[in-house]
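Topology and contacts: notes
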Amino acid sequence: MKLEWRIGALARAHGLNPKTIRYYEALGILPVPARNPAGYRIYGQADRERLAFIGKAKAIGLTLADIRDVLTLYNAGAQPCGHVVALLDQKLASIDAQLDALTAFRQQLMTLRAGASTSETADCICGIIEQKIAIRAPRILTEKQPPNRSLTPQR
């Protein structure tokens, strides 16, 4: 018995939106599927396995471009594991750099906090923030963070 799935069922099985599957096809990380006589995309077990692989690769931090490179190597008959090791080494180096930046930033904030005065001054908004100390949050803390709604004044 041949197992086949339409895009909606395949998407649900992997917790995806059907648009995501079409996007993966456009990127070339999922093969363009066959179509049934009504024109619906039909996916097989290999597609399910490929989507599971993509999900696991994303879970370890690989980008879609990284995944495409790995799959390109695999499709060409090469073993991509050496390439994956190099990608993991890059990810680890990036994490180490981020940890170093966060540790340094934490120390700067602790120094600022230790010297902070809660006394209000009339000539500025907040003397703690307006000190002439060169502290800057690392980029990883200032990139596309969801807004912190807990700081919104309650009415």
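Residues numbered from 1 in each chain as written. Predicted model: local features only at pLDDT ≥ 70, side-chain atom pairs only at ≥ 80, totals over all residues. Heavy atoms only, no water.

1. As for the overall build of the protein chain
We count it as follows: Working definition: helices are DSSP H or I runs of at least four residues, strands are E runs of at least two. Numbering for both runs from the N terminus. Throughout this description, buried means an accessible area under 20% of the type-specific maximum (1.4 Å probe, protein chains only), exposed means over 50%, and partly exposed covers the range between. What makes two residues a contact is simply this: any of their non-hydrogen atoms within 4.5 Å. Residue burial considers only the protein chains on display, and all accessible areas are found by Shrake-Rupley using a 1.4 Å probe.
The number of helices and strands found in the protein chain is 6 helices and 2 strands. N-terminal to C-terminal, the α/β element order of the protein chain is α-α-β-β-α-α-α-α. Here the protein chain holds 155 residues, and 20% of them are scored as buried. Sequence-distant contacts, at least 24 apart, represent 51% of the contacts inside the protein chain between residues at least 6 apart. Put simply, the protein chain shows about 11700 Å² of open surface, and 57% of that area lies on carbon and sulfur atoms.

2. Remarks on a nonpolar patch on the surface
As a reminder, the rule being used: Excluding any residue in a salt bridge, patches collect residues exceeding 30% relative accessible area, merging like charges within 9 Å and nonpolar Val, Leu, Ile, Met, Phe, Trp and Tyr side chains within 5 Å. By definition, a salt bridge exists where a carboxyl oxygen of Asp or Glu is found within 4 Å of a side-chain nitrogen of Lys or Arg.
On the surface, Ile95, Leu99 and Leu102 cluster together to form a nonpolar patch covering roughly 240 Å² of accessible area. Following the sequence through the fold, leucine 99 ends up in helix α5 (residues 81-114). Its relative accessible area of 47% is what places leucine 99 among the partly exposed residues.

3. Quick word on the packing of aromatic side chains
Using the following cut-off: Working definition: rings of Phe, Tyr and Trp (its six-membered ring) pair if their centres are within 6.5 Å, and the pair is stacked with planes under 30 degrees apart, edge-to-face with planes over 60 apart, and tilted otherwise. Criterion for a charge above a ring: Arg CZ or Lys NZ at most 6 Å from the ring centre, at most 35 degrees from the ring normal.
Applying the stated criterion across every chain yields a total of 0 aromatic pairs. Sitting over the face of the ring of tryptophan 5, arginine 48 holds its NZ or CZ atom 4.6 Å from the ring centroid.

4. Quick word on the packing of helix α3 (residues 45-59) against helix α4 (residues 64-75)
What counts here: In this analysis, axes come from line fits to C-alpha atoms, helices being fitted only over the stretch in contact, and the angle between any two N-to-C directions falls in the range 0 to 180 degrees. Put simply, angles under 35 degrees are roughly parallel, angles over 145 are roughly antiparallel, angles from 65 to 115 are roughly perpendicular, and the rest are oblique. Left-handed describes a crossing whose near helix is turned anticlockwise from the far helix by less than a right angle; the clockwise case is right-handed.
For the pair α3 and α4, interaxial distance at closest approach is 10 Å and the crossing angle is 135 degrees. Comparing their axes, α4 and α3 come out oblique. For the element pair α3 and α4, the recorded crossing hand is right-handed. Packed against α3, whose contacting residues are Arg50, Phe53, Ile54, Ala57 and Lys58, the element α4 presents Leu64, Ile67, Val70, Leu71 and Asn75 at the interface.

5. Considerations on α4
For an α-helix the count is 3.6 residues per turn, leaving residues at separations of three or four pointing the same way. Our working definition: A helix is expected to span 1.5 Å multiplied by its residue count minus one. The reported arc concerns the directions from the helix axis to the C-beta atoms and nothing else.
Taking 1.5 Å per residue as the helical rise, α4 with its 12 residues ought to reach 16 Å, and the 16 Å between its terminal C-alpha atoms agrees with that figure. Of the residues making up α4, those classed as buried are Asp66, Ile67, Val70 and Leu71. Take α4 and look down its axis: the buried residues cluster within an arc of 130 degrees, on one side only. Tucked into the core, α4 has its buried residues touching α3 and α5. At the exit of α4 stands glycine 77, carrying a positive phi of roughly 90 degrees.

6. Let's talk about the side chain of arginine 50
Inclusion rule: Under the convention used here, Asp and Glu are negative, Lys and Arg are positive, and both His and the chain ends fall outside the count. Polar contacts, as used here, are pairs of N or O atoms within 3.5 Å; protein pairs need one atom able to donate a hydrogen and one able to accept it. Residues neighboring in sequence count only if both atoms are side-chain atoms.
Take arginine 50: it is sitting in helix α3. The side chain of arginine 50 sits in the buried core without any salt bridge; aspartate 47 is the nearest counter-charge, 7.0 Å away. A polar contact of 3.3 Å, which involves the side chain of arginine 50, links it to the backbone oxygen of isoleucine 29. If we skip the residues at most four places from it in the chain, arginine 50 touches Ile29, Leu30, Pro31, Leu71 and Asn75.

7. Comments concerning the nonpolar core
Soluble globular proteins tend to bury their nonpolar side chains together. How we decide: Among buried residues, those of type Ala, Val, Leu, Ile, Met, Phe, Trp, Tyr and Cys that are joined through side-chain atoms within 4.5 Å constitute a nonpolar core.
Membership of the largest hydrophobic core comes to 18 residues, with the highest contact counts inside it found for Ile21 and Leu51. Elements with a minimum of two residues in this core: α1 (7-13), α2 (18-27), α3, α4 and α5. For leucine 51, the residues in contact, after removing those within four places along its chain, are Leu10, His14, Leu16, Ile21, Tyr24 and Leu30.

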